[in-house]
Amino acid sequence: MEKILIIGAGGQIGTELVLALRKLKGNDAVIAADIKEDCSDLIKDGPYIKMDVLDREFVRNFIIENKISEVYLLAALLSATAENNPAFAWKLNMEGLFTILDLAKEKHLKKVFWPSSIAVFGPTTPADNTPQVTVMEPTTVYGISKLAGERWCEYYAKQYNVDVRSIRYPGLISYTSLPGGGTTDYAVDIFYQAKMGNEFSCFLKEDTMLPMMYMEDAIRATIELMEAEESLIKIKSSYNLSGSSFTPKELAQSIQKEIPSFKISYFPDFRQKIADSWPNSINDDSARKDWGWSEKYTTEELVKVMLKYVDVALIE
Ligand code: AKB
């Protein structure tokens, strides 16, 4: 029987992945794990374990004793938080990955999912329609850790036959649980402020174009990648994935179509530099060709869904 462990299950992606995978595989087949003592009510309908991904022995014993077959390793510090604590970000983002890759190398795990990010790219990367294989000189701690992680995933896949799969996520837009510590987080916060009737103060300049994706597409991509035949997964580092790209101004204009009184102002902070180093748009031809990826949500569609479902109680 498949037994899945999601580490970092309390986060923005983790919460939604737990829900989606439990729907697909059954509640008991999907164990949620996070550093917090208790899990959120959203994922209370299945097993939960408090787990510090940096406690290598604990993680190893849990996976071996519980005969876990697949791990989704989502615990990480994102781009903005990582810049404020580089040493810890490097430790957290790398050590957990080695623990899991080693378990897969020792054949305790059949399959591993590890998320990469558009942060692997840098200012010298072609910014428009960024190719799968291109110049990669990230200038953030988060980006450096993701690029190093990608290289290690490919190394373990090629040297030790580890089945590890990965996606370079763009900014993810969702309403079920909040993002934390990312540079693309403005594109989620904006919906809460719009719904509360507040003017939104944006920490990026109005013309900062970034690749984004609606969470439902991102979760579907993750599950489709993990369910695909192993022979189809040609890229062992991480797949480019594209949803839609927009600037804060364009996003605000889409929101104004639904809420004409909505106002936005711009006060760029340290995150502007991070955003400026990332691509405007992503070429995901490899994901389309290898395992049949295609996105469903346009910017207009995601704006409509977000405005309908965002619950301001989540931030109060
Ligand atoms: C961030 O902004 O740090 C993340 C990412 C693009 O990986 N959302």
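Residues numbered from 1 in each chain as written. Predicted model: local features only at pLDDT ≥ 70, side-chain atom pairs only at ≥ 80, totals over all residues. Heavy atoms only, no water.

1. Quick look at the site of the ligand
- Lining the immediate surroundings of the ligand are L78, S79, S117, I118, Y142, G182, T183, T184 and W278.
- Between S117 and the ligand, the recorded distance is 2.7 Å, taken from a side-chain N or O atom to an oxygen atom.
- Between the ligand and T184, the relevant distance is 2.9 Å, taken from a nitrogen atom to a side-chain nitrogen or oxygen of the residue.
- When the ligand is considered free in solution it has 260 Å² of accessible area, and contact with the protein chains removes 93% of it.
- In this structure, the ligand is accommodated by the largest pocket.
- Per-domain counts for the shell around the ligand show at least three residues from each of domain 1 (3–170 + 214–240) and domain 2 (174–212 + 244–314). (Near = heavy atom within 4 Å. Polar contact = N/O pair within 3.5 Å; in protein donor to acceptor, adjacent residues only side chain to side chain. Areas by Shrake-Rupley, 256 points an atom, 1.4 Å probe, with all protein chains shown as cover. 1 Å grid on protein atoms, 1.4 Å probe; cavity = no way out; pocket = protein on both sides within 12 Å on 5 of 7 lines; lining within 4 Å. Sits in = over half its atoms within 2 Å of the grid points. Domains from an automatic or database assignment.)

2. Structural notes on the sheet that holds strand 6 (residues 116–117)
- If you walk across this open sheet you meet the three strands as 6-8-12, and the pairing is parallel. The two strands at the open ends of the sheet, each matched to only one other strand, are strand 6 and strand 12 (239–240). (Pairing = 2+ DSSP bridges. Helix = DSSP H or I, 4+ residues; strand = E, 2+ residues; numbered from the N terminus.)

3. Overview of the domain arrangement of the protein
- Once the domains are mapped, the protein shows domain 1 (3–170 + 214–240) and domain 2 (174–212 + 244–314).
- Of note, the centres of domain 1 and domain 2, computed from C-alpha atoms alone, are 23 Å apart.
- Facing the 42 residues of domain 1 at the interface are 36 residues of domain 2.
- Buried surface at the junction of domain 1 and domain 2, both sides included, amounts to about 3300 Å², of which 60% is carbon and sulfur. (Contact = heavy atoms within 4.5 Å. Buried area = accessible area lost by both parts, 1.4 Å probe.)

4. Focus: the packing of helix 8 (residues 248–258) against helix 11 (residues 299–309)
- Viewed as axis vectors pointing N to C, helix 8 and helix 11 meet at an angle of 55°, and their least axial separation amounts to 10 Å. Judged on the interaxial angle alone, helix 11 and helix 8 are oblique. Classified by chirality, the crossing of helix 11 by helix 8 is right-handed. Each of L251, S254, I255, K257 and E258 in helix 8 lies in contact with helix 11, whose residues at this interface are T299, E300, V303, K304 and L307.
- Looking at the contact of helix 8 with helix 11, its residues break down into four nonpolar, two polar and four charged. (Axes fitted to C-alpha atoms, helices over the stretch in contact; angles between N-to-C directions. Parallel < 35°, antiparallel > 145°, perpendicular 65-115°, else oblique. Left-handed = near helix turned anticlockwise from the far one by under 90°. Nonpolar A, V, L, I, M, F, W, Y, C, P; charged D, E, K, R; others polar.)

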